[in-house]
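Commentary on secondary and tertiary structure
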Amino acid sequence: MRAIKAADISAAVKDLCIDASHNLPDDVIEVFKKFAAAEESEVAKQILEQLVENAAVAAEGEYPLCQDCGFAVFLVEQGNEVAIEGASLSAAIDEGVRQGYEEGYLRKSIVDHPVYGKNTGDNTPSVIHVFPTKGDKLVIHLAPKGGGSENMSKIAMLKPADGREGIINFVMNTVAEAGPNPCPPIVVGVGIGGTFEYCALMAKKALFRDLGKPSDDEWNAELERELLAKINDLGIGPMGYGGRTTALAVHVESFPRHIASFPASVNINCHSARHKTVEI
Amino acid sequence: MAKEVVIPVEDPQVILDLRAGEEVFLNGRMFTARDAAHKRLVELIEKGEELPIDLEGSAIYYVGPSPARPGKPIGSAGPTTSGRVDSYAPLLMERGNKIMIGKGKRNDTVKEAMKKYGAVYMGAIGGAAALIASAIKKAEVVAYEDLGPEAIRVLTVENFPVVVVNDTVGGDAYIDGREKYKR
């Protein structure tokens, strides 16, 4: 077994929170530039250029990319030879979130009960999904998730007979209805198959992928290309003012399904597609 | 060339002249308020009590900024989703609110109220929050400090960039823009 101290995990997570909120990944900035060059609308082109500029201002370290510094969502790959000393994995991560959001001047957006709650004051608890792997590494992926785009996400229990067309219709309706609300240009995470909750998790997981990196599954990759083209034909455009750039990327994840079930999910991310990884 | 509008608005005609899709720079003072602050304002109005802020000619920005670093007036300050205050907005327009600033769609009741009271809805660039912060020169909490990021602040802004989304004659930049570029 390889021992990892909980305090080391907290320290790494603290840095990860601050890094994710200030430094938009290069894959996202490159996609902004690519779409700006191809934009037909002057206003849309201007907005995309301002998003590149916003990323540069945020990288200077004074202002986070967005005032909504998100729900801290973690995907953790935990090797079977990793033993964590001193605290549980979730306690270690939450301690890092607490420190990162406080010391990084990031906005705390979590209330402790959905109905009668008040702000927890430190942006905890975070949402943590653990995936067991082989080996002695702990790989922590963070995507701070804004509320505006999360609110436009959906899940549907389709029928197996709905097939590929059923998925396309569901995704298109969800994106069309969201319109300007999720801060387009958006990233669209799509989950197909699995159970109700696992399908939603796949759509979330899809948002952690580097922008434009196609699925390893050729059928999924073809669906991603078709959906991206169709979504950009909606004309919603950056901020919803019209344009060719409504989505920057569509990522599809799939999992085997029950013979009776055909769940599909759409998790929408705003253009501030923050995602960072640390390996311990 | 973007138009300049001074806030709070003294001449109501300035608002009537604005059209959906126009780019505008705002200069002057605006209030910030999210759902929680709206709820309190509306409760006071319904009880017939005095408001902590003067709504006449006002601009209200739907924002919950991130904490200010030492020496800075404010943290990042992009717009939040406007639909969440739709149920409160008409009453504030009735009390003189002229400009609402946020992001995302408004419902039909709010759009009708804009025509009735001569008010407009403007969109700020969601997620360009670090960039927007540079147009905010001063920020001061004036009510509901206990709400933290949701407290009502007065922001002094210079060339704060917005686009008119809904005007006083039923124009809607979200609908027009989408129509123009859909295939």
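Residues numbered from 1 in each chain as written. Chains lettered and ligands numbered in written order. Predicted model: local features only at pLDDT ≥ 70, side-chain atom pairs only at ≥ 80, totals over all residues. Heavy atoms only, no water.

Concerning the overall build of chain A
In terms of regular secondary structure, chain A is built from eight helices and ten strands. Relative to a compact globule of 280 residues, whose C-alpha radius of gyration would be 19 Å, chain A shows 19 Å and is just as compact. Dimensions of chain A, computed from the C-alpha atoms along their principal axes, are close to 55 × 50 × 40 Å. Expressed as a percentage of its 280 residues, the buried residues of chain A come to 55%. If you take every contact in chain A between residues at least 6 apart in sequence, the share linking residues at least 24 apart comes to 81%. (Helix = DSSP H or I, 4+ residues; strand = E, 2+ residues; numbered from the N terminus. Rg over C-alpha atoms; globule rule 2.2 N^0.38 Å. Buried < 20%, exposed > 50% of the residue type's maximum accessible area, 1.4 Å probe, protein only. Contact = heavy atoms within 4.5 Å.)

Digging into the sheet that holds strand β9 (residues 262–269) of chain A
Within a sheet, neighbouring strands are paired by backbone hydrogen bonds and run either parallel or antiparallel to one another. Residue and element names in this part refer to chain A. Strand order in the open sheet formed by four strands is β6-β9-β7-β8, with mixed pairing between adjacent strands. Each of the sheet's edge strands pairs with one partner strand only, and the pair in question is β6 (154–158) and β8 (247–255). The average angle at which neighbouring strand axes cross in this sheet is 15°, direction not considered. Direction of pairing for strand β7 (residues 186–193) relative to β9: antiparallel, over a ladder of six bridges. Bridging from a neighbouring strand, G191 pairs with S265 of β9. Helix α6 (residues 163–178) contacts β6, β7 and β9 of the sheet and is inclined by roughly 30° relative to β9. Helix-sheet contacts for helix α7 (residues 196–206) involve β6, β7, β8 and β9, and the interaxial angle to β7 is about 145°. (Pairing = 2+ DSSP bridges. Axes fitted to C-alpha atoms, helices over the stretch in contact; angles between N-to-C directions.)

A word on the side chain of B:R106
Residue and element names in this part refer to chain B. Among the structural elements, R106 can be located in the loop between β4 (99–102) and α4 (108–117). R106 sits in the buried class, given a relative accessible area of 5%. Within the structure, the side chain of R106 is placed 2.7 Å from the side chain of D86, a separation counted as a polar contact. Sequence-distant contacts of R106, that is, excluding residues within four places in its chain, are made with Y62, S82, V85, D86, A89, M100, K111, M114, Y121 and N166. (Polar contact = N/O pair within 3.5 Å; in protein donor to acceptor, adjacent residues only side chain to side chain.)

Things to note about the domain arrangement of chain A
You'll often see interface size given as the accessible area lost when the parts meet. Residues and elements named next belong to chain A. You can read the domains of chain A as domain 1 (2–20 + 65–145) and domain 2 (148–277). A separation of 25 Å is found between the C-alpha centroids of domain 1 and domain 2. Across the contact, 18 residues belong to domain 1 and 17 residues belong to domain 2. With both chains or domains summed, domain 1 and domain 2 bury close to 1500 Å², and 64% of this area falls on carbon and sulfur atoms. A per-residue breakdown of the area domain 1 buries against domain 2 is headed by L75, F131 and K145, which together make up 36% of the total. Put simply, domain 1 and domain 2 have two salt bridges between them. One can count six residue pairs in polar contact (both at pLDDT 80 or more) joining domain 1 with domain 2. For the side of domain 1 that touches domain 2, the secondary structure elements donating two or more residues are α1 (6–22), β2 (71–79), β4 (127–133) and β5 (138–145). Ranked by residue count, the leading element in the side of domain 1 that touches domain 2 is β5, at seven residues. Tallied by class, the residues present in the side of domain 1 that touches domain 2 amount to 13 nonpolar, two polar and three charged. (Domains from an automatic or database assignment. Buried area = accessible area lost by both parts, 1.4 Å probe. Salt bridge = Lys/Arg side-chain N within 4 Å of Asp/Glu carboxyl O. Nonpolar A, V, L, I, M, F, W, Y, C, P; charged D, E, K, R; others polar.)

Looking at α1(A)
The α-helix advances 3.6 residues per turn, and as a result positions three or four apart in sequence lie on the same side. Helix length check: α1(A) (17 residues) gives 25 Å between terminal C-alpha atoms against 24 Å at 1.5 Å per residue, within 8%. Taken together, the buried positions of α1(A) are occupied by A:A6, A:I9, A:S10, A:A12, A:V13, A:L16, A:C17, A:A20, A:S21 and A:H22. (Expected span 1.5 Å × (residues − 1).)

Digging into the interface of chain A and chain B
Counting residues at the interface gives 44 residues for chain A, matched by 41 residues for chain B. Taking both partners together, chain A and chain B bury about 3500 Å²; carbon and sulfur atoms supply 55% of that area. Taken together, the connections running from chain A to chain B amount to three salt bridges. On the surface where chain A and chain B come into contact, there are 20 residue pairs in polar contact (both at pLDDT 80 or more). Among the secondary structure elements, those contributing two or more residues to the side of chain A that touches chain B are α3 (42–59) and α6 of chain A.

Side note on the sheet that holds β2(A)
Residue and element names in this part refer to chain A. One open sheet accounts for four strands, arranged β4-β2-β5-β10; its pairing is mixed. Lying at the two open borders of the sheet, with one neighbouring strand each, are β4 and β10 (276–279). Adjacent strand axes in the sheet meet at a mean angle of 15° when their direction is disregarded. Its contacts with the sheet place α1 against β2, β5 and β10, and it is angled at close to 35° to β5. Packed onto the sheet, α7 meets β2, β4 and β5 and runs at close to 90° relative to β4.

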